[in-house]
Amino acid sequence: MKKRTVRLSRPSSCLLGGVLAFASGFSVAEAAPIALTHVRVIDGRGAAPVEDATIIMDQGHILAFGRDVSVPAGATIRDLSGDTVLPGLISDHSHVGQVGGAKSGPENYTRETITAELAQFRRYGVTTVTALGNNGPLFDTLRIEAHEGRLPADLFGVDQGIGVPRGAPPVKVAADQLFRPSTVEEARADVDRMADEHTDLVKIWVDDFDGTLKVKMDPAIIRAVVDESHRRGLRVAAHIHDLEDAEHVVEAGVDIVAHGVRDKPVPPAFVQALHDRHIWYIATLELDESTTAWADRAPWTLTPFAQAGLSPALKAEFADPKWRAENRTGRKAQDARRSLAMNLRNLKTLYDAGVRIGFGTDSGATPLRIPGLAEHRELALSVQAGLTPLDAIHIATGNAAALLDLHDRGVIAPGRRADLLVVRGNPLRDITAVDDVVETWENGDAVSGPVVAAAEKGTN
């Protein structure tokens, strides 16, 4: 059979108002193999890129890739000369169903909202999302559907999570979205319920949110949660802010530090403990940047790529001079800027020491942390911290998959899922090239990039 050659159409770089629906822009997986030719491949392993390569996909998986790959007879050929292909980004720390427009609340925990969020993650090249807590019963159904390919991105996470009575996290969620045990016995029972629901991880919120809450999690409950989780074969991620809390949870045996240390430089003993105990560390740099960036009107927030991720309600809020004045000054803004500076410094220290670094942003936890866009900012901030673009991409792909113990994605290699992000240009020269999205692939299905005019898609 004669090979077919198709030149990919380029999405226009125009403003998109609101979140696009799941069906918009998606194509049906082709029965014939697909060859992406003349591409630069960053394979997610941290290796140097392969130039002028070919990737062969079939039935949702990668068959082969390299410079001297034979294209199967009958394959659909997509000439992507000059473009770069990397694995789909993987978020190890996000949230779903917490935000609607410019507001947060349990009324947003719906199938419609979560599907739209996953669609936006996907359009920005995030093909696997970990919703790290505050999830209700609907999550278990949606997670199965996502694993079966019936949602726009794959979904993992924590069913509810373990918080503190009258303490962390200070969020509005329904009673079935969060546990707040007051005794060790209750904590163990809550872990057991999550295990019975097949949660992927257990999450604890241990700190006082930078001194804004009156209480922290009882160390006895921390130890009980860790012990019961490990007994049930589950790993524990801990929400922290300060070094003191990070040291306590590491000593208690947690497996993942779910935010960066943001009050002090990390000391050698702490760095060594993370390294020797193989504990994962997720910096979530964008968490603090987003606190002030929209009010500051940082240049990146004004780009079509950033504006494409905003709902009409958020656009209106960010355009309000009164809102901007209130959010670019004061203690919260000052603390966020200090925290970001310390987080950047500590990430570089830990990365250079060989600590396992995962990838996450806390996107979707508040309206300011925009699904998909936040992950692109995390890449840019990681480079700002002193990592190379290749380091940052490796963290967001191969490392992020390893944190989740997923061996079928995160790397471009034969047998892996065809979860891919195609971008114009070379992100190893300039990390912001990842923002020029051509299309994403998730399990062999393609969707065009996120910056598309609302009028073209019939959305607003």
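Up top you'll find the structure we're talking about.
Residues numbered from 1 in each chain as written. Predicted model: local features only at pLDDT ≥ 70, side-chain atom pairs only at ≥ 80, totals over all residues. Heavy atoms only, no water.

What about the packing of helix α3 (residues 184–196) against helix α4 (residues 219–231)?
When two helices pack together, their arrangement is captured by the angle between the axes and the distance separating the axes. Where α3 contacts α4, the two axes come as close as 9 Å, and the packing angle between them is 30°. The handedness of the crossing between α3 and α4 comes out as right-handed. Contact residues: α3 offers Val 184, Ala 187, Arg 188, Val 191 and Asp 192, while α4 offers Ala 220, Ile 221, Ala 224, Val 225, Asp 227, Glu 228, Ser 229 and Arg 231. Taken together, the residues of the contact of α3 with α4 sort by class into seven nonpolar, one polar and five charged. (Axes fitted to C-alpha atoms, helices over the stretch in contact; angles between N-to-C directions. Helix = DSSP H or I, 4+ residues; strand = E, 2+ residues; numbered from the N terminus. Left-handed = near helix turned anticlockwise from the far one by under 90°. Contact = heavy atoms within 4.5 Å. Nonpolar A, V, L, I, M, F, W, Y, C, P; charged D, E, K, R; others polar.)

A closer look at the sheet that holds strand β11 (residues 154–158)
Pairing between sheet strands relies on hydrogen bonds along the backbone, with the strands arranged either parallel or antiparallel. Sheet architecture is open: three strands sit in the order β7-β10-β11, paired in parallel fashion. In the strand order of this sheet, the two ends are held by β7 (89–94) and β11, each with one partner. Each adjacent strand pair in this sheet contributes to an overall mean axis angle of 15°, direction not counted. Looking at chain direction, strand β10 (residues 126–132) and β11 are connected through five bridges and run parallel. Bridge pairing in β11 places Thr 128 opposite Asp 154. Of the strands in this sheet, β10 and β11 are in contact with helix α2 (residues 138–147), which crosses β11 at around 145°. (Pairing = 2+ DSSP bridges.)

Looking at the packing of aromatic side chains
Enumeration over the complete set of coordinates arrives at four aromatic pairs. When the centroid spacing of 5.3 Å and the interplanar angle of 70° are considered together, the rings of Trp 294 and Trp 300 count as edge-to-face. Classification of Trp 294 as buried rests on a relative accessible area of 3%. Given a relative accessible area of 15%, Trp 300 falls into the buried group. Taking the centre distance of 5.1 Å and the plane angle of 45° together, the rings of Phe 318 and Trp 323 count as tilted. Assessed through its relative accessible area of 12%, Trp 323 is described here as buried. Here a set of aromatic residues connected by ring pairs shows up, and it is made of Trp 294, Trp 300, Phe 318 and Trp 323. (Phe/Tyr/Trp six-rings, centres within 6.5 Å; stacked < 30°, edge-to-face > 60°. Buried < 20%, exposed > 50% of the residue type's maximum accessible area, 1.4 Å probe, protein only.)

Observations concerning the environment of Gly 125
Residue position: Gly 125 is located in the loop between α1 (111–123) and β10. In this structure, the C-alpha to C-alpha distance between Gly 125 and Trp 441, residues 316 residues apart in sequence, is 8.0 Å. Filtering out sequence-adjacent residues up to four positions away, Gly 125 remains in contact with Gly 88, Leu 89, Leu 421 and Thr 440.

Some words on the nonpolar core
Counting 106 residues, the largest nonpolar core has Ile 204, Leu 274, Tyr 281 and Trp 294 as the members making the most contacts within it. Among the elements that line this core, the one with the most residues is helix α13 (residues 389–403), at eight residues. Those residues within four positions of Leu 274 in sequence are excluded, and the remaining contacts are Val 250, Val 257, Ile 279, Tyr 281, Leu 350 and Val 355. Residues Ala 53, Ile 412, Ala 418 and Val 422 belong to the second largest nonpolar core, which totals 17 residues. (Core = buried A, V, L, I, M, F, W, Y, C linked by side-chain atoms within 4.5 Å.)

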